[in-house]
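Structure assessment
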Amino acid sequence: MKQTLTILGATGSIGVNTLDVIARHPEKFEVFALAGHRQVNKLAEQCRTFRPKFAVVADEACAQELNACLKASNTATEVLFGQQALIDVATAEEVTGVMAAIVGAAGLPPTLAAAEKGKTIYLANKETLVVSGALFMETAAKSGAKVLPIDSEHNAIYQVLPEHYTDNPHEHGIQSIILTASGGPFLETDLNTFDNITPAQAIKHPNWSMGKKISVDSASMMNKGLELIEAHWLFRCPPEKLEVVIHPQSVIHSMVRYLDGSVLAQMGTPDMRTPIAYCLGLPIRIDAGVKPLDFNTLNGLTFKTPDFNRFPCLKLAYQAMQACGNAPCVLNAANEIAVDAFLAEKIRFTDIARVVAHCLEQNFSNDGKSLESLLAQDTQTRAEATQFIAAMSR
Ligand code: NAD
Ligand code: MG
């Protein structure tokens, strides 16, 4: 039976890679809806190719623009706009699976709504788990929604966990889960020059081609911090059983260490089409168009322990994970505001950690169990971070 998919964040890096995999298997997948926020031209082109029933954009102006493009090419896709439309296309009856690939906490409401309806969730939007891990996993468990990890590390872990793994690492003979990290572009950069790092340098990832926000997060290693929290919820793994190892070649995508001394790793050319195809193809493996890993040209695999002095954001994320409650939501909101400000050249690279640390030092409640209360925390922290940044630049 064909899968009917909604792709949230279709115009982004994960969205485009997803459509590339789908296009290789037209007999397996059909596209129900594509959501592309403000990237109207790119979305119009995708609609012409994939002929979805619906396309969703940010607002009425974008919708008019998209409608005009589609009319000119005789494409019969219906155009919707706004937050509710994202929820509608993620929860529609016909939809079997939702690729959650919006960037940031903006992806949370439609992803959670899809989980409530029991859709298969292809989860790229790690911020959903960071902001609302407990709520999201509970919601999915209640509805029976399958949550399949697209993030390459979590996908690797998923692939090497025991087949019937549920939620107790010790019961399955697991010693720890090891997330690998590339260390980003500044792994060897002189720490004294960190204040001068530019956005262009920060988004130039050595191994992966990704959206701007996650590229900056990789450079600060906040990305690995968010991924620790993501793994904590996805695999019900206590913080003390999660390790991070820097592996600059990004060939091993993560590992599981077992009590008998075995370490199982998943390897491959760094290309997001592998985890995407793995999840879309389950239970069988399908072609992803990925270049085979060439052992003849690999110049060795190296490993290193992360240095919190160089990567203070990673330490902050560890602390937020241990504090639990609303702390990860605060961490994420502060980081989103700080990364935006850094990309707009309003603050320095090193200020990102300062903004996040400042927000984590504020008093916040720990009762974020509903979507409303988490979104209120998110809004409150964004305001705090914005104010702190304004005061910084005065
Ligand atoms: P991207 O910036 O390339 O794309 C983001 C997508 O979200 C675009 O389609 C954009 O139009 C849409 N979008 C942006 N703001 C929106 C909003 N407010 N409301 C609705 N839609 C909005 O990002 P990406 O690199 O594709 O990453 C997407 C998600 O996947 C992120 O959560 C990221 O952490 C995660 N992820 C990405 C990669 C990767 O290799 N790119 C790997 C692992 C996880
Ligand atoms: Mg990742």
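Structure shown above.
Quick look at the structure, then. Numbering of residues starts from 1 in each chain and follows the order in which that chain's sequence is written. All chains are assigned letters beginning at A, and all ligands numbers beginning at 1, according to the order in which they are written. In keeping with the predicted nature of the model, local features appear solely for residues at pLDDT of at least 70, side-chain atom pairs appear and are counted solely at 80 or more, and the whole-chain, interface and lining totals rest on all residues. Computation of side-chain values covers all heavy atoms of the structure but excludes hydrogens and water.

**Overview of a nonpolar patch on the surface**
There is a patch of nonpolar side chains on the surface, built from Met267, Phe295, Leu301 and Phe303 and spanning about 380 Å² of accessible area. The buried label goes to any residue with under 20% of its type's maximum accessible area, the exposed label to any with over 50%, and the partly exposed label to all in between, with areas taken from a 1.4 Å probe on protein chains only. Residue classification places Leu301 among the partly exposed residues on the basis of a relative accessible area of 32%. Patch rule: a residue counts if its relative accessible area is over 30% and it has no salt bridge; like charges are joined within 9 Å, and nonpolar side chains (Val, Leu, Ile, Met, Phe, Trp, Tyr) within 5 Å. With residues, only the protein chains shown are counted as cover, and all accessible areas are computed by Shrake-Rupley using a 1.4 Å probe. Whenever a carboxyl oxygen of Asp or Glu lies within 4 Å of a side-chain nitrogen of Lys or Arg, that contact is scored as a salt bridge.

**What to know about helix α11 (residues 273–281)**
Burial runs high along α11: eight of the nine residues are buried. Put simply, DSSP marks the helices as runs of H or I at least four residues long and the strands as runs of E at least two long, and each gets a number from the N terminus on. Taken together, the buried positions of α11 are occupied by Arg273, Pro275, Ile276, Ala277, Tyr278, Cys279, Leu280 and Gly281.

**Details of the packing of aromatic side chains**
Here the aromatic set is Phe, Tyr and Trp, taking the six-membered ring for Trp, and pairing holds for ring centres within 6.5 Å; pairs whose planes are under 30 degrees apart are stacked, those over 60 apart are edge-to-face, and all others are tilted. This model, assessed by the stated rule, comprises seven aromatic pairs. An angle of 65° between the planes, with centres 5.6 Å apart, marks the rings of Phe342 and Phe349 as edge-to-face. Neither Phe342 nor Phe349 differs from the other in exposure class; each is buried. An aromatic cluster of at least three residues, connected via ring pairs, comprises Phe186, Phe194, Phe342 and Phe349.

**Regarding the coordination of the magnesium ion (ligand 2)**
In this listing, donors mean N, O and S atoms no farther than 2.8 Å from the metal, or 3.2 Å for Na, K and Ca; water is missing from the atoms, so a site can look incomplete. The magnesium ion (ligand 2) binds to the protein through Asp151 (OD), Glu153 (OE) and Glu227 (OE); the donor distances cover 2.1 to 2.2 Å. All donors of the magnesium ion (ligand 2) belong to a single chain; written as a sequence motif, their spacing is D-x1-E-x73-E. Across this residue pair, the class does not change: Asp151 and Glu153 are buried.

**Describing the nonpolar core**
For our purposes a nonpolar core is just a set of buried Ala, Val, Leu, Ile, Met, Phe, Trp, Tyr and Cys residues, chained together by side-chain atoms within 4.5 Å. Counting 91 residues, the largest nonpolar core has Phe136, Phe235, Leu331, Phe349 and Ile352 as its most contacted members. Top contributing element to this core by residue count: helix α13 (residues 327–343), with ten residues. Boundary definitions for the domains trace back to an automatic or database domain assignment. The two domains that each donate at least three residues to this core are domain 1 (3–149) and domain 2 (165–268 + 307–392). Should any heavy atoms of two residues lie within 4.5 Å, those residues are considered in contact. What Phe136 contacts, discounting residues up to four positions off in sequence, is Thr111, Leu112, Ala115, Ile121, Leu123, Thr128, Leu129 and Val147. By size, the runner-up hydrophobic cluster in this structure holds 36 residues, among which are Ile14, Val31, Cys47 and Leu148.

**Notes on empty space enclosed by the protein**
Take a probe with the size of a water molecule and roll it over the atoms, and the empty space left behind shows itself. A 1.4 Å probe that fits into a set of points on a 1 Å grid over the protein atoms alone but cannot get out defines a cavity; an open set with protein on both sides within 12 Å along at least five of seven lines defines a pocket, and lining residues are those with an atom within 4 Å of a point. Grid points are joined across faces, edges and corners, and a volume is the space filled by probe spheres set on the points. Applying the stated criterion to the full structure yields one cavity of 30 Å³ or more. As a volume, the largest cavity reaches approximately 30 Å³. Together, Ser152, Asn155, Ala156, Gln159, His253, Gln266, Thr274 and Pro275 line the largest cavity. The set of elements that each furnish at least two residues to the lining of the largest cavity consists of α7 (152–160) and α11. Looking at the lining of the largest cavity, the element that brings in the most residues is α7, giving four residues. Among the residues making up the lining of the largest cavity, the classes are represented as two nonpolar, six polar and no charged. Residues are grouped as follows: Ala, Val, Leu, Ile, Met, Phe, Trp, Tyr, Cys and Pro are nonpolar; Asp, Glu, Lys and Arg are charged; all remaining types, including Gly, are polar.

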